[in-house]
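Chain and residue survey
The lines below spell out each chain.
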Amino acid sequence: MERITIDPVTRLEGHGKIEIFLDPDGEVANAYFQIPELRGFERFCVGRPVEEMPTLTNRICGVCPEAHHMAAAKAADAVYHVDPPRPAKLLRELLYSAFFFTDHTTHFYALGGPDFVVGPDAPAAERNILGVIGKVGMEVGGKVIEARKRGHDVIEMIGGRKIHPASAVPGGMTQGITEEQRAEIEKFGRWAIEFGQFSLGIFDQIVLGNAAYKEMVLSDGYTHRTYYMGMVDPNNKVNFYDGQVSIMSPDGQRVGTYAPAEYRDWIAEHVEPWTYLKFPYLKKVGWKGFVDGVDSGVYCATPLSRLNTADGMATPLAQAAYERFYDTLAPKPESGGKRLVHHRLATHWARLVELLYAAERVVELATDPEITSSNVRTVPTEKPTEGVGTVEAPRGTLTHHYWTDENGILTAVNLIVGTTNNYAPMAMSIKKAAQSLIHKGTVVHQGLLNRVEMAFRLYDPCFGCATHSLPGEMPLQVAIRNSDGEVIEILSQNC
Amino acid sequence: MADQAAPRRGPRTLVVGLGNPVLGDDGVGWRVADEVEGRLHAAREAGRRIPDVEVERLGVGGLRLMECLTGYEAAILVDAAEFPGRPSGEVRSCSFEALADHAAGHLDSAHDASLRTALALGRRLGADLPARIDTVTIQAHRTDEFSEELSPAVLAAVPAAAAAVLELLGTEAR
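Worth saying up front: this structure is predicted, and the values here are computed from it rather than measured.

Quick look at the sheet that holds strand E10 (residues 299-300) of chain A now. All names here are of chain A. Spatially, four strands are ordered E7-E6-E5-E10 in an open sheet, and the strand pairing comes out mixed. Unpaired on one side and paired on the other, strand E7 (254-258) and E10 mark the two borders of the sheet. Bridge count between strand E6 (residues 244-248) and E7: four bridges; the pairing is antiparallel. Residue pairing across strands places serine 246 opposite threonine 257, the latter belonging to E7.

So, in structure tokens, the structure goes:
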């Protein structure tokens, strides 16, 4: 391949912009993607009181404010060296489980699901929730809207505000819930479990029941053998709110688990000349490029990763779904001992297993005898210093790290947001999708954009981690360059 | 006497300032919402006729925004926009249908259905959605850096954008 150097001054920019470089034989040599990155958040935060962070950071993102709210509250707990009382932790996790249920529902029905339900080769204009309804029936649309409404009502009940929750503060929560609210939440949880089972049923029927789709899920084009990251509870079961971060090798060995505060011993960031984005990788393995395998420090943090890094789910129905997932896709264990699913399109299925877990967890938490306790806050008394808070965001492990002076005024801030973890795997998946559709300089136009979009959509990426998003349906542009770096084709949709 | 069985309805029109208030010009929708609220309050104090309106500030798009619009007869969305080649601070006003083919800020989301799809879904499901949705957009200069400040041209456009909203409301408050 001819080497193409891109001047850092003209680094790739734009929304969903992908550059594919061909070698002299017309085969795909490299594929780069770029997403806009927002700047200046650390500078924006420094000088503010750390207790503002739970409400300020949930403004970073209009998609998962609840995730930033929780990570920030946990980091602020750590800064003040305060351990919230058990009822406060239960309430936070209850809010968070309702959020996971709602967010995963939206992704499956509005974003990821349409690729399967409507079909990967359907026009982009039909691959949306309306297409899903057209195929599966109107009542599904009603259920999705109901799921979202009921989930949002619970988030508001505990979070105190309609869209950006405000109730988690250093040391716990500002308010508890009443018995009436608890009963309402339990009712929602029981309904949500049924909805979760219904959604897994749809996946069964539409995807697993279709030989061509199943083949696509299992195809090499959508398979990567990387390391996996996800948070686990003391029994090594998936947990979204709290626990240790577990790292699983591509051959099924648990490399280790670490406390969130130790993240810098495990994660480093690689810089490439063609982008402002930084690519996190496992420090102990090292950066070997955008490649698979046990020697490459590339890791993935998604619903699929969480299932792969854990030994199972902590609730019974989700555990049964987890077992079925592995029985179907990975009947044999890896050489390292654990069964792993490396098929990236299976992330959609993993997301539904998590959706069911979130629903079951809502009921578990809502029926805990302490959930209506008024003991929801330990007022911080220690001198603030430094702290790390980690939660699993729907789209990957989310870490907030704050440093303050003795008055609790922020002096430094570092965030690793969910999508960031997956920058390298996403680039690899895009390259592989392109490789399957470009040979000897001939571009298979039909389906190229769809296949490329599917390759990164399964990661549920949050572009820009902000409410701001550009016009139209998600714009996507693919530029194909020959070995001299000249653009030979541009394919685009919604640009 | 009102029909007791009829669902209680809120104000007829919802004005929504859209955006992220800590992301530079992206927050202009919120500032315009503040200005509209202030002028409505002043007009009410002065004893002038005030339309039946509620003012909201949101940082959402797609399905979530559609859900927030249910129950209103009309809605006005105020948002930062990035139309190609337009001057910063330019205020434009048009119906959502007319805008949907052009560039605008939060009306769509990479993480959700687009508002257009969401509205179509809501209507198919029989949701009580506004019959009329208008937009007022303000051309942004900078939306990729965290800041609570608006750039000068965008800040200067806030009164004109508020006036455009009030004109759509048909109020004497402008």
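An α-helical turn contains 3.6 residues, so a residue and the one three or four places further along point in the same direction. Counting buried positions along helix H4 (residues 115-124) of chain B gives seven out of 10 residues, so the element sits mostly inside the fold. Residues of H4 of chain B that are buried: Leu115, Arg116, Thr117, Ala118, Leu119, Leu121 and Gly122 of chain B. Against helix H5 (129-136) and helix H6 (138-159) of chain A together with helix H2 (62-69) of chain B lie the buried residues of H4 of chain B. Trailing H4 of chain B by a residue or two, glycine 126 of chain B shows a phi angle of about 80 degrees, which is positive.

All names here are of chain A. Along the chain, threonine 174 falls in the loop between strand E4 (172-173) and helix H7 (179-208). Accessibility expressed as a C-beta count within 10 Å gives 13 for threonine 174, which makes it partly exposed. In this structure, the C-alpha to C-alpha distance between threonine 174 and glycine 159, residues 15 residues apart in sequence, is 9.1 Å. Among all residues touching threonine 174, those that are not within four sequence positions of it are Gly160, Ser167 and Val169.

A few words now on H2 of chain B. Residue and element names in this part refer to chain B. Burial analysis of H2 places six of its eight residues in the buried class, the great majority of the element. Every buried residue belonging to H2 is among Gly62, Leu63, Arg64, Leu65, Met66 and Leu69, and all of these are buried. Immediately downstream of H2, the backbone of glycine 71 shows phi near 95 degrees, a positive value.

Proteins that are soluble and globular tend to have nonpolar side chains buried together. Of all hydrophobic cores here, the largest spans 197 residues; its most connected members are Leu94, Val353, Val362 and Ile430 of chain A together with Val78 and Val165 of chain B. Of the residues forming this core, the biggest block, 16 residues, is contributed by helix H4 (residues 86-117) of chain A. Excluding anything up to four places from it in sequence, valine 362 of chain A contacts Leu94, Ser97, Ala98, Phe101, Ile185, Phe188, Gly189 and Ala192 of chain A.

It is worth spelling out the confidence of the model for chain B at this point. A low pLDDT means the predicted coordinates there should not be read in detail. Residues and elements named next belong to chain B. When pLDDT is averaged along chain B, the result is 84; 84% of the residues meet or exceed 70. Within the model, pLDDT remains below 50 along residues 1-8, and this stretch shows zero contacts once partners closer than five positions in the same chain are excluded. Confidence over residues 102-106 falls short of pLDDT 50; this stretch has 27 contacts with residues more than four positions distant or in other chains. In the predicted complex, the global pTM is 0.89; the interface-specific ipTM is 0.80.

For the rest of this paragraph, the subject is the sheet that holds strand E3 (residues 74-81) of chain B. Residue and element names in this part refer to chain B. Strand order in this open sheet of five strands is E2-E1-E3-E5-E4, and the pairing throughout is mixed. The open sheet terminates on both sides in strands that have one partner only, identified here as strand E2 (53-58) and strand E4 (91-95). Taken pair by pair, the neighbouring strands of this sheet meet at an average axis angle of 20 degrees, ignoring direction. Sheet topology places E4 next to strand E5 (residues 132-139); five bridges connect them, and they run antiparallel. Within E5, the residue paired with serine 95 across the bridge is aspartate 134.

Moving on: the packing of H6 of chain A against H7 of chain A. All names here are of chain A. Look at H6 against H7: their axes get within 10 Å of each other, and the N-to-C directions meet at 150 degrees. Taken together, the axis directions place H6 and H7 in an arrangement best described as roughly antiparallel. Crossing hand, H6 versus H7: left-handed. In this structure, H6 contributes Lys143, Ala147, Arg150, Val154 and Met157 to the contact, and H7 contributes Gln181, Ile185, Phe188, Trp191 and Phe195. Residue composition of the contact of H6 with H7, grouped by class: seven nonpolar, one polar and two charged.

So, about the packing of H2 of chain B against H4 of chain B. Residue and element names in this part refer to chain B. With their axes 8 Å apart at the nearest point, H2 and H4 run at an angle of 50 degrees to one another. Relative to H4, the element H2 is oriented oblique. Handedness of the H2/H4 crossing: right-handed. Residues Gly62, Leu63, Leu65 and Met66 of H2 pack against Leu115, Ala118, Leu119 and Gly122 of H4. Looking at the contact of H2 with H4 residue by residue, the classes come out as six nonpolar, two polar and no charged.

Residue and element names in this part refer to chain A. Even without a glycine there, the phi angle at histidine 81 is positive, about 55 degrees. Mapping histidine 81 onto the fold places it in the loop between helix H3 (65-79) and H4. Judged by C-beta crowding, with 15 C-beta atoms within 10 Å, histidine 81 ranks as partly exposed. The phi torsion at asparagine 236 lies on the positive side, around 60 degrees, for a residue other than glycine. In this structure asparagine 236 comes out as partly exposed when scored by C-beta crowding, with 17 C-beta atoms within 10 Å.

On to the pairing of strand E2 (residues 28-34) of chain A. All names here are of chain A. Bridge analysis of strand E1 (residues 17-22) against E2 gives six bridges, and the strand direction is antiparallel. Paired with isoleucine 18 across the strands is phenylalanine 33, a residue of E2. Connecting the antiparallel pair E1 and E2 is a turn made up of five residues, with glycine 26 showing a positive phi of about 85 degrees.

Looking now at the confidence of the model for chain A. Residues and elements named next belong to chain A. Summary statistics for chain A give a mean pLDDT of 87 and a share of 91% for residues scoring 70 or more. The model gives residues 1-14 a pLDDT under 50, and that stretch makes 25 contacts with residues more than four places away or in other chains. When the criterion is pLDDT under 50, residues 464-474 qualifies, and its contacts beyond four places in sequence or with other chains add up to 48 contacts.

Thresholds, definitions, all that
- Residues numbered from 1 in each chain as written.
- Chains lettered and ligands numbered in written order.
- Predicted model: local features only at pLDDT ≥ 70, side-chain atom pairs only at ≥ 80, totals over all residues.
- Pairing = 2+ DSSP bridges.
- Helix = DSSP H or I, 4+ residues; strand = E, 2+ residues; numbered from the N terminus.
- Buried ≥ 20, exposed ≤ 12 C-beta atoms within 10 Å, placed from the backbone.
- Contact = placed C-beta atoms within 7 Å.
- Core = buried A, V, L, I, M, F, W, Y, C linked by C-beta atoms within 7 Å.
- pLDDT = per-residue confidence, 0-100.
- Axes fitted to C-alpha atoms, helices over the stretch in contact; angles between N-to-C directions.
- Parallel < 35°, antiparallel > 145°, perpendicular 65-115°, else oblique.
- Left-handed = near helix turned anticlockwise from the far one by under 90°.
- Nonpolar A, V, L, I, M, F, W, Y, C, P; charged D, E, K, R; others polar.

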